[in-house]
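Single-letter residue listing:
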Amino acid sequence: MVDTVRSSLPDGSSLAYGVATAAYQIEGAVAEDGRGASIWDTFAARPGAVKDGLDGSVACDSYHRYEEDLDLVAAVGAGWYRFSIAWPRIVPEGVGRVETRGLDYYDRLVDAALARGLSPTATLYHWDLPQALEDRDGWLNRDTAEAFADYAMVVHDRLGDRVGVWATHNEPWCAAYLGYSAGVHAPGRREGGAGHRAAHHLLLGHGLAAERLHAAGVEDLGIVLNLAPFWPEDPDDPELVAATDGIDAIRNRVWLGPLVDGRYDDGLLAVAPELADTDLVRDGDLALVQGSADWVGVNYYTPFRTAAPGAAARHPEADAYPGSAPVSFVVREPRTDIGWEVDASGLEELLVDTSARTGLPVLVTENGAAYPDETLDDQDRIAYLRDHIAATERARQGGADVRAYIVWTLLDNFEWAEGYTKTFGIVHVDPQGPTRTPKASFHWLAEHLNSSSVGVGVTP
Ligand code: IFM
């Protein structure tokens, strides 16, 4: 058992290590044990929405193979297993009826993690909104925030005696802006400033859930953000610097402002006037969010270099910053298979800045790389992980309070709109099996953890 909740968050004397996954990307079994439909089931069925036309209906079949997967996490020597809970398995219609068989599954998963000496770290929302809630306008409807807090409490009532570290949302920027502004993620809506409304309701859902989870005794509650460094190519170009500031506001400050200061800053309001609407942002909303996190999770993959419009080819995320002045995103070499520039200095910068800005413990809740999976000898992934772990250590030496480094991801899995075409796993999954085969990066990480005697989890 976890001795106390507080002891679940490492004290920072050495870096804790973990491996992460997310429900829709690995579980499969979408029609089993009373699970309701999610927005990703619906979106993936839309022709052209997912690159290879596939979905998460089988994925890695982890719903049935979780013991095997946890054996792999234990074998690599990581102390934490970060997983997400599928809301439609627990509350299939989003509100109301609770599906006990869904809770039973996560109960088994948590016990199996603890039995292997792993600390289970639960994320409550990794993008699989019950479709029934989207039918009522999803994250554009304030009621969804209330429904999220109710669902969070149902999960906590069942798992709270064994799970110490909780996260509300994973990358709410994607859920809001890729989902409701750019339309490239579920629910696939391209509605400009709607992303700002969704962002506010996601924050509100976090705040409502945090208040109730804290009252129920949770001490290590966080939110996981894909914050990003933005680097203007020409820092002397005032127009570019101003446009980049608007983008930074929508990606980073929209979350950090409410969490730290209890407000949306003026620069953000200038590009997102929706957030000044008092029907949307009601009295007390931002006060509820302020101070609601005990730690902040940073998911980092790449920095973003901005340039004058037209300087580079259109970026897939170009529509995800509604209201900001247009810029180009310049992507330098080297790049991973998904086209993201590799630069570990962005992680170091982000960790130092986030630690200083929030004053909270920071966890690297995701970091990893997509490389083609033709070979199990993934030396490029090893180099990526090695350099980013070193950057994390440099940030710690530079004073950032970083407590954990969690690799994305255990298994090659359903990579959202990319389908199965981009693989981030340290374990290869043969879709025919789905048989698991550790890659060279898995063995490298095991060796790294073994040699630095880190990554130790709780004693069951
Ligand atoms: O696979 C995703 C994950 O679900 C959220 N963070 C980024 C990863 C890679 O795109």
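Just so you know, these numbers come straight off a predicted model, no measurement behind them.

A short note on the environment of Gly217
Thought 1: Secondary-structure assignment places Gly217 in the loop between helix 9 (194–215) and strand 5 (220–225).
Thought 2: Sequence-wise, Gly217 and Leu72 are 145 residues apart; in three dimensions their C-alpha atoms are separated by 31 Å.

Considering the site of the ligand
Thought 1: In the vicinity of the ligand, the residues found are Gln25, His126, Trp127, Asn170, Glu171, Tyr301, Trp340, Glu366, Trp408, Glu415, Trp416 and Phe424.
Thought 2: Contact distances for the ligand include 2.8 Å between an oxygen atom and a side-chain N or O atom of His126.
Thought 3: One of the side-chain N or O atoms of Glu366 is found 2.5 Å from a nitrogen atom in the ligand.
Thought 4: Alone, the ligand offers 280 Å² of accessible surface; in the complex the protein occludes 95% of this.
Thought 5: Counted by class, the shell around the ligand contains six nonpolar, three polar and three charged residues.

A short note on the packing of aromatic side chains
Thought 1: Enumeration over the complete set of coordinates arrives at 31 aromatic pairs.
Thought 2: Judged by centre distance (5.4 Å) and plane angle (85°), the rings of Tyr24 and Phe414 are edge-to-face. Linking Tyr24 in helix 1 (residues 23–26) with Phe414 in the loop between strand 11 (402–408) and strand 12 (427–430), this pair joins segments that are 390 residues apart in sequence.
Thought 3: Here Tyr24 falls in the buried class, since its relative accessible area comes to 4%.

Observations regarding the environment of Val50
Thought 1: Looking at the element boundaries, Val50 is found in the loop between helix 2 (39–44) and helix 3 (62–76).
Thought 2: Residues Val50 and Leu385 lie 335 residues apart in sequence; the distance between their C-alpha atoms is 27 Å.
Thought 3: Among residues more than four places away in sequence, those in contact with Val50 are Ala44, Phe414, Trp416, Ala417, Glu418 and Gly419.

Remarks on the sheet that holds strand 9 (residues 328–330)
Thought 1: Sheet architecture is open: three strands sit in the order 6-8-9, paired in mixed fashion. The sheet is open, and its two borders are formed by strand 6 (230–232) and strand 9, each paired with just one other strand. Across the sheet, the axes of successive neighbouring strands diverge by a mean angle of 40°, strand direction being ignored.
Thought 2: Across three bridges, strand 6 lies against strand 8 (residues 304–307) in parallel orientation. Bridge assignment links Phe230 to a residue of strand 8, and that residue is Phe304.
Thought 3: Packing of helix 10 (residues 238–261) onto the sheet brings it into contact with strand 6, strand 8 and strand 9, and relative to strand 6 it is tilted by some 175°.

What counts, and at which threshold
- Position labels on residues start from 1 in each chain and follow its written sequence.
- Only residues with pLDDT of at least 70 get local features here, since the model is predicted, and only at 80 or more are side-chain atom pairs given and counted; chain-wide, interface and lining totals rely on the full set of residues.
- Side-chain measures were taken over the full set of non-hydrogen atoms in the model, leaving aside hydrogen atoms and water.
- Numbering goes from the N terminus for both helices and strands, where a helix is a DSSP run of H or I of at least four residues and a strand is a run of E of at least two.
- Residues are labelled near a given molecule or strand when at least one of their non-hydrogen atoms is within 4 Å of it.
- Residues adjacent in sequence count toward polar contacts only when both atoms are side-chain atoms; beyond that, a polar contact is any pair of N or O atoms within 3.5 Å, and within protein one must be able to donate a hydrogen and the other to accept it.
- In short, Shrake-Rupley with a 1.4 Å probe defines the accessible areas, and a residue's cover is counted only from the protein chains shown.
- Under this grouping Gly is polar, as are all residues other than the nonpolar Ala, Val, Leu, Ile, Met, Phe, Trp, Tyr, Cys and Pro and the charged Asp, Glu, Lys and Arg.
- Classification of ring pairs uses Phe, Tyr and Trp, with its six-membered ring standing for Trp, and accepts pairs whose centres are within 6.5 Å; under 30 degrees between planes counts as stacked, over 60 as edge-to-face, and the remaining range as tilted.
- Only protein chains enter the calculation, and the probe is 1.4 Å; a residue is then buried if its accessible area is under 20% of its type maximum, exposed if over 50%, and partly exposed in between.
- Every residue pair with non-hydrogen atoms within 4.5 Å of one another is taken to be in contact.
- Think of it this way: DSSP has to see at least two bridges between two strands before they count as a pair.
- Axis lines are fitted to C-alpha atoms, over the contacting stretch for helices. Their N-to-C directions set the angle, which ranges from 0 to 180 degrees.

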